[in-house]
Amino acid sequence: MTGRASPGAFGAFVAEWALPVEEALRDLLPPLHEAPTRLHEAMHYALFPGGKRLRPMLALLACKAVGGEVRPTLRAAAAIECLHTYSLVHDDLPCMDDDDLRRGRPTCHKVFGEALALLAGDALLTVAFEGVAAAGAAAVIALAKGAGSLGMVGGQVEDLAAEGDATQHTLPRVQWIHDHKTGALITASLLVGAHAAAGPAGAPFSVVEPLVRYGDLLGRAFQIADDCLDLTGTAAELGKNPLADVALGKLTWPALVGLQRSLAAARQMAAEAAALAPVVVAAAAAIRPAARSTLDGAVALLQDVATYAVERRR
Ligand code: GRG
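Residues numbered from 1 in each chain as written. Predicted model: local features only at pLDDT ≥ 70, side-chain atom pairs only at ≥ 80, totals over all residues. Heavy atoms only, no water.

Caption draft 1: Structural context of the state of the cysteines. Enumeration according to the criterion identifies zero disulfides in this entry. The structure places no disulfide on Cys 108, whose sulfur is separated from the nearest cysteine sulfur, that of Cys 82, by 13 Å. (Disulfide = S-S within 2.5 Å.)

Caption draft 2: Quick look at the site of the ligand. Residues in close proximity to the ligand total 18 residues, the closest being Lys 52, Arg 55, His 84, Arg 103 and Gln 156. Within the contact set of the ligand, an oxygen atom lies 2.5 Å away from a side-chain nitrogen or oxygen of Lys 52. Between the ligand and Arg 55 there is a distance of 2.7 Å, counted from an oxygen atom to a side-chain nitrogen or oxygen. For the ligand, whose accessible area on its own is 740 Å², the fraction buried by protein is 88%. Counting residues per element, the ones that place at least two in the shell around the ligand are α4 (74–91), α8 (152–162), α9 (171–198) and α10 (205–232). When its residues are assigned to classes, the shell around the ligand shows five nonpolar, seven polar and six charged. (Near = heavy atom within 4 Å. Polar contact = N/O pair within 3.5 Å; in protein donor to acceptor, adjacent residues only side chain to side chain. Areas by Shrake-Rupley, 256 points an atom, 1.4 Å probe, with all protein chains shown as cover. Helix = DSSP H or I, 4+ residues; strand = E, 2+ residues; numbered from the N terminus. Nonpolar A, V, L, I, M, F, W, Y, C, P; charged D, E, K, R; others polar.)

Caption draft 3: The packing of helix α2 (residues 37–47) against helix α6 (residues 114–132), seen in detail. The interhelical angle for the contact between α2 and α6, taken along N-to-C directions, is 75 degrees, at an axis separation of 9 Å. Judged on the interaxial angle alone, α6 and α2 are roughly perpendicular. Taking contact as the criterion, the partners of Arg 38, Leu 39, Ala 42, Met 43, Ala 46 and Leu 47 in α2 are, on α6, Leu 116, Leu 119, Ala 120, Ala 123 and Leu 124. In the contact of α2 with α6, the residues fall into 10 nonpolar, no polar and one charged. (Axes fitted to C-alpha atoms, helices over the stretch in contact; angles between N-to-C directions. Parallel < 35°, antiparallel > 145°, perpendicular 65-115°, else oblique. Contact = heavy atoms within 4.5 Å.)

Caption draft 4: Local environment of helix α1 (residues 8–28). Taking 1.5 Å per residue as the helical rise, α1 with its 21 residues ought to reach 30 Å, and the 30 Å between its terminal C-alpha atoms agrees with that figure. Considering bend angle alone, the principal kink of α1 is centred on Trp 17 and spans about 40 degrees; proline Pro 20 follows within four residues of it. Considered for burial, the residues of α1 that qualify are Phe 10, Gly 11, Phe 13, Val 14, Trp 17, Pro 20, Val 21, Ala 24, Leu 25 and Leu 28. Of the surrounding secondary structure, the elements contacted by the buried residues of α1 are α2, α3 (54–65), α4, α6 and α16 (298–311). (Expected span 1.5 Å × (residues − 1). Bend = angle between axes of the 7 residues up to and from the residue. Buried < 20%, exposed > 50% of the residue type's maximum accessible area, 1.4 Å probe, protein only.)

Caption draft 5: Representation of empty space enclosed by the protein within the structure. Scanning the entire structure with this criterion turns up one cavity of 30 Å³ or more. Looking at the largest cavity, its volume works out to about 110 Å³. Forming the walls of the largest cavity are 13 residues, and the residues nearest its centre are Tyr 45, Ala 46, Arg 102, Arg 103 and Cys 108. The set of elements that each furnish at least two residues to the lining of the largest cavity consists of α2, α4 and β2 (105–106). (1 Å grid on protein atoms, 1.4 Å probe; cavity = no way out; pocket = protein on both sides within 12 Å on 5 of 7 lines; lining within 4 Å. Points joined across faces, edges and corners; volume = space filled by probe spheres on them.)

Caption draft 6: Main features of the packing of α9 against α10. Interhelical geometry of α9 versus α10 gives an angle of 135 degrees and a closest axis separation of 7 Å. Relative to α10, the element α9 is oriented oblique. Judged by the twist between their axes, the crossing of α9 over α10 is right-handed. In the contact of α9 with α10, the residues fall into 11 nonpolar, nine polar and five charged. (Left-handed = near helix turned anticlockwise from the far one by under 90°.)

Caption draft 7: Examining the side chain of His 180 more closely. On the secondary structure map, His 180 appears in helix α9. Under the relative-accessibility criterion, His 180 is labelled buried at 17%. Apart from residues lying up to four places away in sequence, His 180 is in contact with Leu 150, Gly 151, Met 152 and Gly 155.

Caption draft 8: Focus on the layout of surface pockets. Considering only enclosed or pocket space, the largest pocket measures out at about 1000 Å³ in volume. Counting only elements with at least two residues in the lining of the largest pocket, the list comes to α3, α4, α8, α9, α10, α11 (235–238) and α12 (244–248). It is α4 that provides the largest number of residues to the lining of the largest pocket, a total of seven residues. Here the lining of the largest pocket is composed, by residue class, of 16 nonpolar, 13 polar and 20 charged. A volume near 260 Å³ is recorded for the second largest pocket. In terms of lining residues, the second largest pocket is bounded by 17 residues, among which Lys 145, Gly 146, Ala 184, Thr 187 and Leu 191 are the most central. For the lining of the second largest pocket, the elements supplying multiple residues, two or more each, are α7 (137–147), α9 and α10. By residue number, the principal contributor to the lining of the second largest pocket is α9, which donates seven residues. Class assignment of the residues belonging to the lining of the second largest pocket gives a composition of eight nonpolar, five polar and four charged.

Caption draft 9: Looking closely at the packing of aromatic side chains. A complete count under the given rule lists two aromatic pairs for this structure. Aromatic pair Phe 10 and Tyr 308: ring centres 5.7 Å apart, planes at 55 degrees, arrangement tilted. Here Phe 10 is found in helix α1, whereas its partner Tyr 308 is found in helix α16, with 298 residues between them in sequence. When the centroid spacing of 5.5 Å and the interplanar angle of 65 degrees are considered together, the rings of Tyr 45 and Phe 112 count as edge-to-face. Of the two residues, Tyr 45 is situated in helix α2 and Phe 112 in helix α5 (residues 108–112); the sequence distance between them amounts to 67 residues. This pair shows no difference in class: Tyr 45 is buried, exactly as Phe 112 is. Here the guanidinium or amino end of Arg 26 rests over the ring plane of Phe 48, the centre of that ring lying 3.8 Å away. Over the ring of Trp 176 we find Arg 173, and its NZ or CZ is 5.4 Å from the ring centre. (Phe/Tyr/Trp six-rings, centres within 6.5 Å; stacked < 30°, edge-to-face > 60°. Lys NZ or Arg CZ within 6 Å of the ring centre and 35° of its normal.)

In structure tokens:
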């Protein structure tokens, strides 16, 4: 993962797993030369080169944090990135946010046309469920719930509805939208990793509960930081057009309380997430005492990624 703030243990973790994630993505995707080639080109175009690959890293990190083997979880982690990339492709469409720049390149529909971009998104969503099946039924359910109408898609619906409607512009409303549009998939990524580590029965409630609390705070902090970056970042840093939220009249934290208070809120939430890191790891250690030595480094990893979520520049 590139970008200025990728500190400490998490930076090292990303350096270790970035290439295997790329390999798992290529493994999961249909090859470019397979018919229908234009569709597969559009899928590859949207995925490579990627963005930060945060969600697959979160899945791998959660797997490690609950005492699992990271490598067998790569396919499920790659699946989450496919699903996330579908959401970006659809989010950029003219009927959504209508953007022409993503990950430093023209958006998928600008290159392949709207119909093919829509279908490439559909195919990325579908292949994601093929990939996550490797992590077991609990992981599939977690991903479906996080990505569906009660999660990401539901959040997107309300995000669009709030555009330009000042009556909806309140902090509880923006928080709800962030929790669903962004937080649900971030939490689901962690859950996929935890369920993959746990085997067929999935992770127990004692692990899931603190992990969900951690993920929800991380997701909130991440999206507030995203709203702030829309105001302070450049197209070169972000790989997408800055000031897009302002242009669309989006409901954002900075629009409601200003940039400085938003950043302070994001940092506070990241600190609260970081404070939960030992709780998550202790819950994992309670059910897997044998894994205690590998769990030692996991607290720092979970804490570093919380810092990264708010201090990043892209
Ligand atoms: C079903 C027609 C249809 C559309 C769905 C689900 C959806 C459209 C949109 C999802 C909502 C969305 C795009 C939320 C934004 C979340 C977010 C902050 C995305 C950017 O994530 P990063 O910064 O991006 O991790 P990279 O490029 O680094 O992966």
